[in-house]
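Chain by chain, the residues:
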Amino acid sequence: MIAALSSLRAEPILWLAATLLAFEAADIVSRRSARHPLAHPVLWSTPVLMGLLTLSGTPYPVYASATAMLGFLLGPAVVGLAVPIWKRRRVIRRLALPLTAALLAGSATAIMSGVGVVWLMGAPDVVIASVAPRAATTPVGMQVSAMLGGLPALTAAIVIFSGVLGAMIATPLLNLMGVTDYRARGFSVGVSAHGLGAARAFQVNATAGAFAGLGMALNAGMTALLLSLAAGLK
Amino acid sequence: MRAAVTSPAPNGGSGTMIGAIALLLACQLAGEAIQRVSGLPLPGPVIGMGLLLGWLALWPKERPTLDQVTAWLTAHLSVLFVAAAVGLMQEGPILSRHGLAIAAATVVSTVLTIMVTAWTFRLVASRLGEDDIDEGGEAEA
């Protein structure tokens, strides 16, 4: 019976089910904690799955091909980011100048400061390319990373770490800076900490949440654009 | 506000679920094709996002089904990339050698980006005479 069951290890259903179950378990904890950034389900389901793969002696490529259909959906999800941008077109048009200026400045700061630090600390190109798109939402960050010669999985981890950090520090940091405009607060968190920051901003204030969602969607495009320009110049 | 060009459909909206998914896939496909032909170092789905934005601008109307599909995808993004994040288990050597640099870069970049973005927004907005007001209703529009 064990032998019959162990043949399941090569089937997508085993690892798809394991992935969703691990995620759902972590998500229950996250909901119980009122969505505390440190309880983000990816943060806890990922090591659980790594442990299961190690215990069962399953090589990562087997797991990756079993769960490929989850990754496939990231493409249409990125395309769909156009919808929230379109729906807020009136706000974008009215605040075109401050939004464009803040987006350009923030997006460039995210790339240059991240790249600058790893470069100063002597990291190789593959690490630099993985850090560069860190402010873009995970699926975009991963795709840009792959194009620049980085490691998409490493970028995913960096992006998620950014999001957790941004969601945790945004409120005290912006209070310290004396920024009271919820549009500026939300937008800056979305540009720097994408979906995780936006989720946190929605908890604080509806305006902040809406502008954070906008910041996330716009910076996904801007990060990809700036880095493709940089790659083209190289 | 631009007038909606659609006539009210009996089902209260326009477009089916399959139609909305087909639109997303078609934009992504066109984005991938443009990427391959042009050689732009821009991911196909990001080009697809631009194409969808253009499509929505060319034919502005209410699209409740597309809204639902994209909201569902966005709300469940995390579970879609958890499988990719597991791939980090293969990168032990890089993490142990450069983990500190990566962590430092992430902290510095996250803090600076929030500061620069918020400051720039306020700087330009105040030049335009924009008060810092709460516009929850409009932002949600």
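Predicted, not measured: the structure shown is a model, and the values here were computed from it.

Residue and element names in this part refer to chain A. Residues other than glycine seldom take positive phi values, yet A34 does so here, at roughly 55°. Structurally, A34 is set in the loop between α2 (12–32) and α3 (41–56). At H194, a position not held by glycine, the phi torsion is positive, near 40°. Position of H194 relative to the elements: it lies in helix α13 (residues 182–204). Its relative accessible area of 3% is what places H194 among the buried residues.

Averaged over all residues, the pLDDT of chain A equals 91, while 99% of them reach at least 70. Within chain A, the element-level pLDDT minimum falls on helix α1 (residues 2–6) of chain A, averaging 77, and the maximum on helix α9 (residues 96–120) of chain A, averaging 97.

This brings us to the packing of aromatic side chains. Going through the model one piece at a time under the given rule, you end up with four aromatic pairs over all chains. Both rings, one in A:F187 and one in B:F121, keep their centres 6.4 Å apart while their planes meet at 45°; by these two values the pair is tilted. Placement of the pair is A:F187 in helix α13 and B:F121 in helix α5 (residues 92–127), with the two residues belonging to separate chains. Residue classification places A:F187 among the buried residues on the basis of a relative accessible area of 0%. Relative to B:W59, the ring of B:W55 lies with its centre 4.6 Å away and its plane at 50°, an arrangement referred to as tilted. For B:W55, a relative accessible area of 37% corresponds to the partly exposed category. Overall, B:W59 belongs to the partly exposed group, its relative accessible area being 44%. In this structure an aromatic cluster arises from ring pairing among A:W15, A:Y60 and A:Y63.

By size, the foremost hydrophobic cluster in this structure holds 96 residues, and its most contacted members are A:V118, A:F187 and B:L52. Setting aside residues no more than four positions away along its own chain, A:F187 makes contact with A:L99, A:A102, A:L103, A:F211, A:A212, A:L214, A:G215, A:L218 and B:T117.

Analysis parameters
- Residues numbered from 1 in each chain as written.
- Chains lettered and ligands numbered in written order.
- Predicted model: local features only at pLDDT ≥ 70, side-chain atom pairs only at ≥ 80, totals over all residues.
- Heavy atoms only, no water.
- Helix = DSSP H or I, 4+ residues; strand = E, 2+ residues; numbered from the N terminus.
- Buried < 20%, exposed > 50% of the residue type's maximum accessible area, 1.4 Å probe, protein only.
- pLDDT = per-residue confidence, 0-100.
- Phe/Tyr/Trp six-rings, centres within 6.5 Å; stacked < 30°, edge-to-face > 60°.
- Core = buried A, V, L, I, M, F, W, Y, C linked by side-chain atoms within 4.5 Å.
- Contact = heavy atoms within 4.5 Å.

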